[in-house]
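# Structural characterization, general
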Amino acid sequence: VMELFVGSRTSPALAGEVRAAIDRAIDYATREMEAVLGDSPITQLIPVRLIAELAAAAFLGVEVLEQNGRSMDLDRLALALAAAVQLLTGGIRLP
């Protein structure tokens, strides 16, 4: 992933392809998040497209860390994010 980003800085053709791939990934994430979040209150606060862009940026960041030898506990991260989404959308009732 990093190599593509670095290469795209000096190659307009590669830059266009990288942007198109990122746009497709964000479009996909947006559709999936719209299906999951529906009319959740979080969508009143934060546009789903912005949430999808944040997710894509986080994924790319995780990939860069992994490529540079910094492993992450993705299962634990997924559980924490799921809990945060449930909390924000009213899925968890606090005591």
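It should be noted that the structure appears before, not after, this text.
Residues numbered from 1 in each chain as written. Predicted model: local features only at pLDDT ≥ 70, side-chain atom pairs only at ≥ 80, totals over all residues. Heavy atoms only, no water.

## Describing the overall build of the protein chain
Scanning the protein chain for helices and strands turns up five helices and zero strands. In sequence order, the protein chain lays out its α and β elements as α-α-α-α-α. Radius of gyration (C-alpha) of the protein chain: 16 Å, far over the 12 Å computed for a compact globule of 95 residues. Each principal axis of the C-alpha distribution contributes one length, and for the protein chain these read about 55 × 30 × 15 Å. Per-residue burial over the protein chain gives 16% buried out of 95 residues. A separation threshold of at least 6 residues defines the contact pool for the protein chain, and within that pool the share at least 24 residues apart is 33%. Accessible surface computed for the protein chain: about 7,200 Å², of which carbon and sulfur atoms make up 62%. (Helix = DSSP H or I, 4+ residues; strand = E, 2+ residues; numbered from the N terminus. Rg over C-alpha atoms; globule rule 2.2 N^0.38 Å. Buried < 20%, exposed > 50% of the residue type's maximum accessible area, 1.4 Å probe, protein only. Contact = heavy atoms within 4.5 Å. Areas by Shrake-Rupley, 256 points an atom, 1.4 Å probe, with all protein chains shown as cover.)

## Side note on the side chain of Thr30
Residue position: Thr30 is located in helix α2 (residues 12–37). Not counting the four nearest positions on each side in its chain, Thr30 is found in contact with Val48, Arg49 and Ala52.

## A short note on the layout of surface pockets
Here the idea is plain: a probe the size of a water molecule rolls over the atoms and shows the empty space left. If you add up the space inside the largest pocket, you get close to 830 Å³. Considering the residues around the largest pocket, the lining is formed by 26 residues, among which Met33, Leu54, Ala55, Ala58 and Leu81 are closest to the centre. Listed by contribution, the elements that provide at least two residues to the lining of the largest pocket are α2, α4 (48–67) and α5 (74–89). Here the element with the most residues in the lining of the largest pocket is α4; it accounts for 11 residues. For the lining of the largest pocket, the residue count by class is 24 nonpolar, no polar and two charged. (1 Å grid on protein atoms, 1.4 Å probe; cavity = no way out; pocket = protein on both sides within 12 Å on 5 of 7 lines; lining within 4 Å. Points joined across faces, edges and corners; volume = space filled by probe spheres on them. Nonpolar A, V, L, I, M, F, W, Y, C, P; charged D, E, K, R; others polar.)

## Focus: the side chain of Ser8
Structurally, Ser8 can be placed in helix α1 (residues 2–8). Given a relative accessible area of 14%, Ser8 falls into the buried group.

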